[in-house]
Amino acid sequence: MTGGPRAVVLRALGLGDLCTAVPALRALRRAAPDHRVALCAPRPLAPLAGRFGVADELVPTAGLGPPLPARLAGADLAVNLHGRGPESHRLLEAVTASRLVAFGVDGCPAWRDDEHEVDRWCRLVGWALEVAADPTDLRLEPVGLDPDPSLVVVHPGAAAPARRWPVARFGAVVAGLRRRGLAVVVTGDARERTLAAAVLAEAGCTDDPGCRVAAGTTDLLALAGLVERAAVVLSGDTGVAHLATALGRPSVVLFGPTSPDRWGPPATGDHTVLWAGRTGDPHGSVPDPGLLEITVPEVLAALDQRLG
């Protein structure tokens, strides 16, 4: 990074984490319009970060392992949107020559466990940089694809098994959607292609032209295109749910170990949250008991409501 004031922002997490940080990132740009902003985040997020317009460049960063690139050293401002430290604080302290904005450091507020993820980062940036940070500023400008009223996007995957509703139940929902005459696209990353295929197999739709597996065949921009065209998106508590919010598409989101008060879609909007009302370990190795309380008829009823 050369020339003019510079800001480095750390958010080395996934798709949903990028989407929930967008209002804070936009507030940062308003607070420091003359700064060149480098967003340290995983490489696959670069095209979507560009669509959101939240940074001048994405510096490929996955997790908190190696130090940030030496070329970032001497930044005028560093902003920690990754966590509350100390590892994430240290990464940014190594590259800033002036000010670190982060929970728990001088001039910044304290971390709160009971806060929605979007509100948390808006509060940090708004307080530290004295700028209005609007938690509703989540939208991703559509590219102009017309929604298909017969298309449902189903995303069965999630980062941890605790947040994955069973394959058999997703399959039963897909079968119900096909009985209603709706087309289904099952999405996911390359690691989830087998999972997506298993959902269609459970639905008895492996050879059905009205169903297809898009898992492992789309980058994030292509995935955003599918979501933009969908009449409704069905997913667990994962990044695609936040992408549906960003694109203003109706969604049904299944919550288990984590409260939607922390990660759910906005209360306003065409979103239905299904949650048993209790929390657990979001990193657990088996589906959360609360998630398992959500039934196939409940999900189909919620989808019917969103489909009108």
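Check the entry above for the structure.
None of these values were measured; they are calculated from a predicted model.

Cut-off values and rules
- Residues numbered from 1 in each chain as written.
- Predicted model: local features only at pLDDT ≥ 70, side-chain atom pairs only at ≥ 80, totals over all residues.
- Heavy atoms only, no water.
- Helix = DSSP H or I, 4+ residues; strand = E, 2+ residues; numbered from the N terminus.
- Expected span 1.5 Å × (residues − 1).
- Buried < 20%, exposed > 50% of the residue type's maximum accessible area, 1.4 Å probe, protein only.
- Phe/Tyr/Trp six-rings, centres within 6.5 Å; stacked < 30°, edge-to-face > 60°.
- Pairing = 2+ DSSP bridges.
- Axes fitted to C-alpha atoms, helices over the stretch in contact; angles between N-to-C directions.
- Contact = heavy atoms within 4.5 Å.
- Salt bridge = Lys/Arg side-chain N within 4 Å of Asp/Glu carboxyl O.
- Core = buried A, V, L, I, M, F, W, Y, C linked by side-chain atoms within 4.5 Å.

Draft legend 1. Fine view of helix H1 (residues 15-31). Compared with an ideal rise of 1.5 Å per residue, which puts 17 residues at 24 Å, H1 spans 24 Å between its outermost C-alpha atoms and is within 8% of the ideal. With 14 of 17 residues buried, H1 lies mostly within the body of the structure.

Draft legend 2. Here's a closer look at the packing of aromatic side chains. This model, assessed by the stated rule, comprises four aromatic pairs. Residues Phe103 and Trp111 carry aromatic rings whose centres are separated by 5.3 Å and whose planes lie at 80 degrees to one another, so their mutual orientation is edge-to-face. The buried category is assigned to Phe103, whose relative accessible area is 3%. The class of Trp111 is partly exposed, set by a relative accessible area of 23%. Measuring from ring centre to ring centre gives 5.2 Å for Trp165 and Phe170, while their planes differ by 85 degrees; the resulting arrangement is edge-to-face.

Draft legend 3. How the structure looks around the environment of Pro86. Within the secondary structure, Pro86 is located in the loop between strand E4 (75-80) and helix H3 (87-93). On the basis of relative accessible area, Pro86 is assigned to the partly exposed category, the value being 45%.

Draft legend 4. View of the sheet that holds strand E6 (residues 151-155). The six strands lie next to each other as E8-E7-E6-E9-E10-E11, forming an open sheet whose pairing is parallel. At either end of the open sheet lies a strand with only one pairing partner, and these are strand E8 (211-213) and strand E11 (271-274). Within this sheet the neighbouring strands show an average axis-to-axis angle of 15 degrees, counted without direction. On the sheet, helix H5 (residues 167-179) packs against E6, strand E7 (183-186), E8, strand E9 (232-236) and strand E10 (251-254) and is oriented at approximately 175 degrees with respect to E6. Packing of helix H11 (residues 296-307) onto the sheet brings it into contact with E6, E9, E10 and E11, and relative to E11 it is tilted by some 170 degrees.

Draft legend 5. Spatial organisation of the sheet that holds strand E5 (residues 96-101). The strand order across the open sheet built from five strands is E3-E2-E1-E4-E5, with neighbouring strands paired in parallel fashion. Of all the strands in the sheet, just strand E3 (57-60) and E5 have a single pairing partner and so form its edges. For this sheet the average axis-to-axis angle between neighbouring strands, irrespective of direction, equals 25 degrees. Across five bridges, the pairing between strand E1 (residues 6-10) and strand E2 (residues 36-41) is parallel. Residue pairing for E2: Leu10 is matched across the bridge by Cys40. Contacting E1, E2 and E4, H1 crosses the sheet at an angle of about 160 degrees to E2. Most of the contacts of helix H4 (residues 117-129) go to E5, to which it runs at about 125 degrees, and overall it touches E4 and E5.

Draft legend 6. Up close: the pattern of salt bridges. The final tally for this structure, using the stated rule, is 16 salt bridges. The salt bridge involving Arg112 is made with Asp114; its shortest N-O contact spans 3.5 Å. One continuous salt-bridge network, built from bridges that share partners, spans Arg11, Asp17, Glu117 and Arg120.

Draft legend 7. Representation of the nonpolar core. The biggest cluster of nonpolar side chains holds 66 residues, and the ones touching the most others in it are Leu39, Phe52, Leu68, Leu81, Val125 and Leu243. The element that contributes the greatest number of residues to this core is H1, accounting for nine residues. Not counting chain neighbours up to four residues away, the residues in contact with Leu68 comprise Val8, Leu10, Cys40, Thr61, Leu91, Leu92 and Val95. Membership of the second largest hydrophobic core comes to 31 residues, among which are Ala196, Cys205, Cys211 and Val299.

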